[in-house]
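# Structural overview
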Amino acid sequence: RMEASCLELALEGERLCKAGDFKDGAAFFEAAVQVGTEDLKTLSAIYSQLGNAYFYLKEYSKALEYHKHDLTLARTIGDRIGEAKASGNLGNTLKILGQFDEAVVCCQRHLDISQEQGDKVGEARALYNIGNVYHAKGKHLSWNMAQDPGYLPQEVKETLQKASEYYERNLSLVKELGDRAAQGRAYGNLGNTQYLLGNFSEAIGFHKERLAIAKEFGDKAAERRAYSNLGNAHIFLGRFDISAEYYKKTLQLSRQLKDQAVEAQACYSLGNTYTLLQDYERAIEYHLKHLVIAQELGDRVGEGRACWSLGNAYVSLGSHEQALHFARKHLEISQEIGDRTGELTAQLNMAQLRSALGL
């Protein structure tokens with residue numbers, strides 16, 4: 001009966017995970033491991049699914065532990081495909097944990113075995129995952145140096161270029177395989193890496209390809225992201241009018257998707273874009289919309305940002321009283337959330353506005 005009960009528990013775990021209940025699914029897999037089995041292939045599969053379940057539950061150290069067990073077992077029984085899969089899973093987990101160099105080693109092993117086994121799908125997945133690791137590492141490195149896209153230290157540049165190379169390799173393979181959905185993902189990531197590298201025209205080309213595939217699949221969320229990315233890239237090329245059109249499409253879709261956070265972001269982007277176009281009335285219209293949504297979402301940081309932007313727009317129109325009202329609100333919010341820079345900016349703005357108004 002030992003075999004059956006281990007398998008029964010594992011199958012129940014699998015059923016629960018497929019239904020999206022990873023917490024209970026993991027509990028059944030854990031129970032299956034406790035019961036134990038002589039069949040190492042079954043045990044390897046259980047470890048793999050446990051690792052995945054914990055990954056979805058965001059318990060990454062546990063996920064790591066089980067994917068390592070799976071890798072060890074796959075090697076013990078000489079299961080090359082299993083070893084490749086376990087290596088890929090380990091790589092993805094290490095990436096999330098910020099252990100990028102170890103992640104690359106694991107993903108590279110996934111790639112090598114897939115090529116050796118003639119497994120094109122596995123090869124494509126491995127190439128994509130390596131691209132993801134370098135992409136995440138590049139973003140991680142550039143966060144620590146907060147600057148505009150395109151102005152990057154050498155290490156960051158090289159890392160992002162590597163990401164781009166792997167995405168390109170993935171793209172040509174998924175084209176060969178005729179996998180349109182995977183092509184869409186590759187185009188989106190290529191657009192994002194080129195944007196970070198400051199190659200805005202290239203980024204636009206990739207995001208347009210991404211957009212076409214998103215429309216093909218009726219994938220509204222991906223379509224919305226593509227519009228937003230296209231808007232951002234055109235800003236850096238100084239094509240503010242085109243950016244505004246893309247941000248409007250982002251706004252329309254965010255409303256269809258009932259995603260208020262994205263709607264707020266789109267309104268904020270539109271407000272800033274119309275400021276760049278020196279159309280201050282429209283800038284104010286969008287910043288007010290952003291303010292209302294920020295208040296509904298209880299997003300005090302967003303609210304402060306909206307008040308600051310509104311103050312600036314009213315100054316540009318010469319409406320100093322309105323500007324002072326928003327500078328005051330900006331000060332209140334900055335004090336409340338402990339934003340020292342915001343507080344100083346607001347105090348300076350208020351002093352200038354008071355003297356302009358002869359107060």
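Keep in mind that what you see is a predicted model, and the values were worked out from it rather than measured.

Here we take up the packing of helix H3 (residues 40-56) against helix H5 (residues 80-96). One can describe the packing of H3 onto H5 by two numbers: an axis separation of 11 Å at closest approach and a directional angle of 20°. By the criterion of interaxial angle, the relationship of H3 to H5 is roughly parallel. The element H3 and its partner H5 pack so that their crossing is left-handed. From H3, Ser48, Asn52 and Phe55 reach across to H5, where they touch Lys85, Asn89, Asn92, Thr93 and Ile96. Residues of the contact of H3 with H5, tallied by class, amount to two nonpolar, five polar and one charged.

By size, the foremost hydrophobic cluster in this structure holds 30 residues, and its most contacted members are Ile130, Val133, Tyr134 and Leu171. Broken down by element, this core gets its largest block of residues, seven residues, from helix H7 (residues 120-143). In this view, Val133 contacts Lys95, Phe100, Ala103, Val104 and Cys107; residues no more than four positions away in its chain are not counted.

Take the UniProt feature "repeat: TPR" (unreviewed entry) in the protein chain next. As recorded in UniProt, the sites labelled "repeat: TPR" (unreviewed entry) are residues 44-77 and 224-257. Between the end C-alpha atoms of residues 44-77 the distance is 10 Å, and the span holds 88% helix and 0% strand. Between the end C-alpha atoms of residues 224-257 the distance is 9 Å, and the span holds 88% helix and 0% strand.

On inspection of all chains with the given rule, the structure shows zero disulfides. With no disulfide of its own, Cys6 has Cys17 as its nearest cysteine by sulfur position, at a separation of 15 Å. With relative accessibility at 0%, the residue Cys6 sits in the buried group. For Cys107, which is in no disulfide, the shortest distance to another cysteine sulfur is to Cys106 and amounts to 6.8 Å. A relative accessible area of 1% places Cys107 in the buried class.

About the thresholds
Residues numbered from 1 in each chain as written. Predicted model: local features only at pLDDT ≥ 70, side-chain atom pairs only at ≥ 80, totals over all residues. Heavy atoms only, no water. Axes fitted to C-alpha atoms, helices over the stretch in contact; angles between N-to-C directions. Helix = DSSP H or I, 4+ residues; strand = E, 2+ residues; numbered from the N terminus. Parallel < 35°, antiparallel > 145°, perpendicular 65-115°, else oblique. Left-handed = near helix turned anticlockwise from the far one by under 90°. Contact = heavy atoms within 4.5 Å. Nonpolar A, V, L, I, M, F, W, Y, C, P; charged D, E, K, R; others polar. Core = buried A, V, L, I, M, F, W, Y, C linked by side-chain atoms within 4.5 Å. Buried < 20%, exposed > 50% of the residue type's maximum accessible area, 1.4 Å probe, protein only. UniProt positions renumbered as here; feature names shortened; annotations may be inferred. Disulfide = S-S within 2.5 Å.

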